[in-house]
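Now for the letters of each chain:
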Amino acid sequence: MWSSLHTHWQSCFEEAWESYCKGSFPIGAVITDENGIIISKGRNKVYENAGVGREIYANKIAHAEVNAILKIDNRETNINRKEYTLYSTMEPCPMCFGAAVMSGLRRVVYAAKDGMAGCTDLKDANPYLESKAMVVTGPFKELEIVQIVLKTVFVLNRGHLVQELLESWRKDCPMGVEIGEKWFEDGVLEQVQLEQKGFGAIFNRILTEIHLTAS
């Protein structure tokens, strides 16, 4: 449950939830240094009108991973970049994976596969990318379901490319889409927002539904 979830993932999902609450795609990311300490956080701000410091907002490229990468000051943290790890709640898109490669990061860990835009398989796309020896890990079943629930409710609320997106996610994570569709109909996330509960409550509720469905 939430209390036993690694702080890397807790931070990622808290960032994703904040994006959801502010009307942007619910995706969050963090970067850890060679000692596993979080040194940067980022979240999707595609539909927002404000940012802090080195962030992109109100733009189609205002993705969580990019915003996390932009906060690394290479003048100070240049030496050990190859030992850093980018964590994201969703498999990075071509832009975000490319940004990770070009920023010097060599490890990417993601919670949920993105059958529509995920592009971590680019790590072997050509000799240049192969030479970077990118290490990619993911997805993780329960975390994937949590992320797909958030994304499903979000796109149903927005009504943009809904069926195309849902079908792409359903292939890899049918339970996440199923719970998301149900929660959309029941207005679960809107109620959580009104009650001002933290994301831990949502996480625990989704895991309870997973276990009930599986039993």
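Relevant structure appears above.
Nothing here was measured: the structure is a model prediction, and the numbers come from that model.

Analysis parameters
- Residues numbered from 1 in each chain as written.
- Predicted model: local features only at pLDDT ≥ 70, side-chain atom pairs only at ≥ 80, totals over all residues.
- Heavy atoms only, no water.
- Helix = DSSP H or I, 4+ residues; strand = E, 2+ residues; numbered from the N terminus.
- Buried < 20%, exposed > 50% of the residue type's maximum accessible area, 1.4 Å probe, protein only.
- Lys, Arg positive; Asp, Glu negative; His and termini not counted.
- Salt bridge = Lys/Arg side-chain N within 4 Å of Asp/Glu carboxyl O.
- Polar contact = N/O pair within 3.5 Å; in protein donor to acceptor, adjacent residues only side chain to side chain.
- Contact = heavy atoms within 4.5 Å.
- Disulfide = S-S within 2.5 Å.
- Axes fitted to C-alpha atoms, helices over the stretch in contact; angles between N-to-C directions.
- Left-handed = near helix turned anticlockwise from the far one by under 90°.
- Phe/Tyr/Trp six-rings, centres within 6.5 Å; stacked < 30°, edge-to-face > 60°.
- Lys NZ or Arg CZ within 6 Å of the ring centre and 35° of its normal.
- Parallel < 35°, antiparallel > 145°, perpendicular 65-115°, else oblique.
- Nonpolar A, V, L, I, M, F, W, Y, C, P; charged D, E, K, R; others polar.
- Expected span 1.5 Å × (residues − 1).
- Arc of directions from axis to C-beta.
- Pairing = 2+ DSSP bridges.
- Right-handed = clockwise from strand over helix to strand, strands pointing away.

## Focus: the side chain of R106
Right, so step 1: One can find R106 in the loop between α3 (94–103) and β4 (107–112).
Right, so step 2: Despite being buried, R106 has no salt bridge partner; E83 is the closest side chain of opposite charge, sitting 9.2 Å away.
Right, so step 3: A polar contact is formed between the side chain of R106 and the backbone oxygen of V101, at a distance of 3.1 Å.
Right, so step 4: Polar side-chain contacts of R106 include one of 3.3 Å to the backbone oxygen of K132.
Right, so step 5: With sequence-adjacent residues up to four places away left out, R106 is seen in contact with R81, K82, Y84, A100, V101, K132, A133, M134 and V135.

## Some points on the state of the cysteines
Right, so step 1: Enumeration according to the criterion identifies 0 disulfides in this entry.
Right, so step 2: No disulfide involves C21; its sulfur sits 16 Å from the nearest other cysteine sulfur, which is in C12.
Right, so step 3: Residue C21 is classed as partly exposed on the basis of its relative accessible area of 35%.

## Describing the packing of helix α7 (residues 174–186) against helix α9 (residues 199–214)
Right, so step 1: Running from amino to carboxyl end, α7 crosses α9 at an angle of 115 degrees, the nearest separation of the two axes being 11 Å. For the pair α7 and α9, the crossing hand works out as right-handed. Between α7, through M175, I179 and W183, and α9, the contact on the second element is made entirely by I202, R205, I206, E209, I210 and T213.

## Overview of the packing of aromatic side chains
Right, so step 1: Throughout the structure, instances matching the rule amount to 12 aromatic pairs.
Right, so step 2: Between W2 and F199 the ring centres are 5.8 Å apart and the planes differ by 70 degrees, which places this aromatic pair in the edge-to-face class. In this pair, W2 is assigned in the segment before α1 (7–21) and F199 in helix α9, connecting sequence segments 197 residues apart.
Right, so step 3: Here W9 and F13 contribute two aromatic rings whose centre-to-centre distance is 6.5 Å and whose plane-to-plane angle is 45 degrees, an arrangement assigned as tilted. Residue W9 and its partner F13 are both found in helix α1; the two are separated by 4 residues, about one turn of the helix. For the pair W9 and F13, a shared accessibility class is recorded, and that class is buried.
Right, so step 4: A network of ring pairs unites the aromatic residues W2, W9, F13, W17, Y20, F25, Y47, Y87, F140, F154, F199 and F203 as a single cluster.
Right, so step 5: Here the basic side chain of R158 rests over the ring of Y47, its NZ or CZ set 3.9 Å away from the ring centre.

## Topic: the packing of helix α6 (residues 162–170) against α7
Right, so step 1: Where α6 contacts α7, the two axes come as close as 7 Å, and the packing angle between them is 135 degrees. By the angle between their axes, α6 is oblique relative to α7. Between α6 and α7, the contacting residues are L166, W169 and R170 on the first element and P174, V177 and E181 on the second.
Right, so step 2: Here the residues of the contact of α6 with α7 are counted per class, giving 4 nonpolar, no polar and 2 charged.

## Some thoughts on α7
Right, so step 1: An ideal rise of 1.5 Å per residue puts 18 Å on 13 residues; α7 measures up with 18 Å between its terminal C-alpha atoms.
Right, so step 2: All of the buried residues in α7 are G176, V177, I179, G180 and W183. Down the axis of α7, the buried side of the element spans an arc of 165 degrees, and every buried residue falls inside it.
Right, so step 3: Tucked inside the fold, the buried residues of α7 contact α5 (141–158), α6, α8 (188–195) and α9.
Right, so step 4: After α7 finishes, the residue G187 shows a positive phi value of roughly 65 degrees.

## A look at the side chain of R43
Right, so step 1: Along the chain, R43 falls in strand β2 (residues 38–43).
Right, so step 2: Discounting chain neighbours no more than four positions away, the residues touching R43 are E15, E18, S19, K22, I27, G28, E48, A62, H63, A64 and N67.

## Overview of the pairing of strand β3 (residues 85–90)
Right, so step 1: The element β3 is largely enclosed, with a buried count of 6 among its 6 residues.
Right, so step 2: Judged from the 4 bridges that link them, strand β1 (residues 28–32) and β3 form a sheet pairing that is antiparallel. Of the residues in β3, the one forming a bridge with I31 is L86.
Right, so step 3: Direction of pairing for β3 relative to β4: parallel, over a ladder of 5 bridges. Residue pairing across strands places S88 opposite Y110, the latter belonging to β4.
Right, so step 4: Where the polypeptide runs from β3 across α3 and back to β4, its parallel neighbour, the crossover connection is right-handed.

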